[in-house]
Amino acid sequence: MRVVMASNRGTLMELGISPIVTSSLVMQLLAGSKIIQVDQSSKEDRNLFNGAQKLFGMLITVGQGTAYVLSGMYGDPRELGITNGFLIILQLMFAGIIVIILDELLQKGYGLGSGISLFIATNICENIVWKSLSPTTVNSGRGVEFEGAIIALFHLLITRTDKVRALREAFYRSNLPNVTNLLATVAVFLVVVFFQGFRVELPVRSQQVHGQQGTYPIKLFYTSNIPIILQTAMVSNLYFMSQVVYRRYGEYPFVSLFGQWESMGAQGQSVPVGGLAYYLSPPTSLWSVVQDPIHGFIYIAFVLTTCAVFSKTWIEVSGTSAKDVAKELREKKMYLPGHRDTSLLHHLNRYIPTAAALGGLCIGVLSVTADFMGAIGSGTGILLAVSTINQYIEIFNKETRKEFGADWF
């Protein structure tokens, strides 16, 4: 979860992009459900909405930083003292503001794409490269081993006399990245790239310019990586609240129902071992599913359901539903050949809601499959990285097409 939220424990990026994603999610839902009235066609309303979103993100940063300190994430608050605690909160707050400013920088047109997607993709790609090529050595009880899967493969082949056993250990070693994990990551990357090409292109023509025509593409991943980002943000906030409450009041049975946590690994990373947080966390391998099938079943059902529901809901709150697309085409004086203007909405309704729900479901299936295969960076992370890279390729092609009249990729 930390990888997806671009969070690194013990650094200024402790909170990652969680405050930005949470504030964006809440504000979009408030606007989509008409609790707050926002006219996206008005520049003033858009500026007010974006400003409120940034301010809400800052407040969430301060709130989460305060909760981390008071819950004992950095040690007993009484030992830390008021001054040290305040300085930690201040550092986390300034780091959060810098992340918000960097995201704003890209949104203002000083770069390509979204800052949030770029943070996620960069962190995930860095994690994959590090776990493949890390020169860090670890003593796991079988002797000194390299953390990186590829370096460990060559190290084991060179130092071990039994080459077959060395290969078996490099491919299937536990508690450290292995070659099987790396191959699973590559396989998931290729499958996601393949699915990115699935689309239905509706022919459209102009009512004003005779002979001008084009296509309106409806992709299988119509809502892109939004469903998995929303699902990750929801689970991330549940983890955050569960950890904070469990550290303070873990002796109460009611608190344990939401999640029980233990520190594992060299960095003391908190891992859910019971309660709701455990059942919503991905199993680490197929063997884990065999050992605890209830965990596997609940996790699969949760991911598939939330991805499909979030995808279907997002098109309504983000202005990309069939009704919004029909309105956009009418404003541009475009029409679908062979269809009356009155039947435009009905025709779009045949494709867009189905693509949104089915695309969200496919994203959930790919995410679960990657988690079960033990892919590096988690299934959710790989999906986000591939979809973000694909978006950047499309943006780059669009820009080069304007300048040079041809695609580079």
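What counts, and at which threshold
- Residue numbers restart at each chain and count upward from 1, following the sequence in its written direction.
- In keeping with the model being predicted, local features are shown solely for residues with a pLDDT of at least 70 and side-chain atom pairs are shown and tallied solely at 80 or more, while totals for entire chains, interfaces and linings include all residues.
- Excluding hydrogens and water, the side-chain values take into account all heavy atoms of the structure.
- Here a patch means residues that are over 30% exposed by relative accessible area and free of salt bridges, tied together within 9 Å if like-charged and within 5 Å if nonpolar (Val, Leu, Ile, Met, Phe, Trp, Tyr).
- Only the protein chains shown count as cover for residues, and the accessible areas themselves come from Shrake-Rupley with a 1.4 Å probe.
- Note on definitions: salt bridges are taken to be side-chain nitrogens of Lys or Arg within 4 Å of carboxyl oxygens of Asp or Glu.
- Only DSSP runs of H or I with at least four residues qualify as helices, and only runs of E with at least two residues qualify as strands; both kinds are numbered from the N terminus onward.
- For this analysis, a nonpolar core means a set of buried residues of the types Ala, Val, Leu, Ile, Met, Phe, Trp, Tyr and Cys, connected via side-chain atoms within 4.5 Å.
- Accessibility here uses a 1.4 Å probe with only protein chains present; expressed as a share of the type maximum, an area under 20% marks a residue as buried, one over 50% as exposed, and anything in between as partly exposed.
- Two residues qualify as a contact provided that any one of their heavy atoms is within 4.5 Å of a heavy atom in the partner residue.
- Strands qualify as paired when DSSP identifies two bridges or more between them.
- As a rule, the C-alpha atoms of each element are fitted with a line to give its axis, helices using only the stretch in contact, and angles between N-to-C directions run from 0 to 180 degrees.
- Oblique is the label for any angle not under 35 degrees, not over 145, and not in the 65 to 115 range, which are roughly parallel, roughly antiparallel and roughly perpendicular in turn.
- Basically, the charged four are Asp, Glu, Lys and Arg, the nonpolar ten are Ala, Val, Leu, Ile, Met, Phe, Trp, Tyr, Cys and Pro, and anything else, Gly included, counts as polar.
- Two aromatic rings from Phe, Tyr or Trp, using only the six-membered ring of Trp, form a pair when their centres are within 6.5 Å; if the ring planes differ by under 30 degrees the pair is stacked, by over 60 it is edge-to-face, and anything between is tilted.

1. Brief notes about a nonpolar patch on the surface
Then, number 1: A cluster of nonpolar side chains, contributed by Ile98, Leu102, Leu105 and Tyr110, occupies part of the molecular surface with about 440 Å² of accessible area.
Then, number 2: The topology assignment puts Leu105 in helix α3 (residues 77–110).

2. Details of the nonpolar core
Then, number 1: In this structure, Ile17 and Ile120 are the most contacted members of the largest nonpolar core, which totals 43 residues.
Then, number 2: Those elements giving two or more residues to this core turn out to be α1 (18–32), α3, α4 (115–133), α7 (179–196), α8 (226–249), α12 (293–317), α15 (352–373) and α16 (379–404).
Then, number 3: Listed in part, the 17 residues of the second largest apolar core include Ile218, Ala322, Leu329 and Leu344.

3. Focus: the side chain of Ser242
Then, number 1: With respect to the helices and strands, Ser242 occurs in helix α8.
Then, number 2: Setting aside chain neighbours within four positions, we find Ser242 in contact with Phe258, Gly259, Trp261 and Ala277.

4. A short note on the sheet that holds strand β7 (residues 334–335)
Then, number 1: Read from one edge to the other, the open sheet built from 3 strands follows the order β4-β3-β7, with strand pairing classed as antiparallel. The open sheet has two edge strands, β4 (213–219) and β7, and neither has a second partner.
Then, number 2: Summarising the sheet, strand β3 (residues 199–206) and β4 pair through 7 bridges and their orientation is antiparallel. Looking at β4, one finds that Arg199 is bridged to Lys219.

5. Comments concerning the environment of Asp371
Then, number 1: Tracing the backbone through its elements, the reader meets Asp371 in helix α15.
Then, number 2: Under the relative-accessibility criterion, Asp371 is labelled buried at 6%.
Then, number 3: Linking Asp371 and Phe302, residues 69 residues apart in sequence, is a C-alpha distance of 14 Å.
Then, number 4: Ignoring anything within four residues of it in the chain, the contact list for Asp371 reads Pro282, Pro283, Thr284, Ser285, Tyr299, Ser378 and Gly379.

6. Concerning the pattern of salt bridges
When charged atoms on two side chains of opposite charge get close, those side chains can pair.
Then, number 1: This structure, assessed with the given rule, holds 3 salt bridges.
Then, number 2: The salt bridge involving Arg173 is made with Glu145; its shortest N-O contact spans 3.3 Å. Separated by 28 residues along the polypeptide, Arg173 in the loop between α6 (163–172) and α7 and Glu145 in strand β2 (residues 144–146) bring together distant segments of the chain.
Then, number 3: For Glu145, a relative accessible area of 1% translates into the label buried.
Then, number 4: Among the salt bridges present, the one from Arg160 reaches Glu169, with a minimum N-O distance of 2.9 Å.
Then, number 5: The class for Arg160 is partly exposed, based on a relative accessible area of 24%.

7. Some words on the packing of α6 against α7
Then, number 1: Running from N to C, α6 and α7 point in directions that differ by 50°, and their axes come no closer than 5 Å. In terms of orientation, α6 lies oblique with respect to α7. Taking contact as the criterion, the partners of Ala170, Phe171 and Tyr172 in α6 are, on α7, Val179, Thr180 and Leu183.
Then, number 2: Among the residues forming the contact of α6 with α7, the class breakdown is 5 nonpolar, 1 polar and no charged.

8. Observations regarding the packing of aromatic side chains
Then, number 1: For the coordinates displayed, the defined rule picks out 9 aromatic pairs.
Then, number 2: Ring centres of Phe171 and Tyr172 lie 6.4 Å apart, and the angle between their planes is 45°; this geometry places the pair in the tilted category.
Then, number 3: We classify Phe171 as partly exposed; its relative accessible area is 26%.
Then, number 4: Ring geometry for Phe194 against Phe195: centres 5.9 Å apart, planes inclined by 75°, an arrangement best described as edge-to-face.
Then, number 5: The exposure class assigned to Phe194 is exposed, which follows from its relative accessible area of 54%.
Then, number 6: When its relative accessible area of 22% is taken as the criterion, Phe195 is described as partly exposed.
Then, number 7: Here the aromatic residues Phe194, Phe195, Phe198 and Phe221 are joined through ring pairs into a cluster of three or more.

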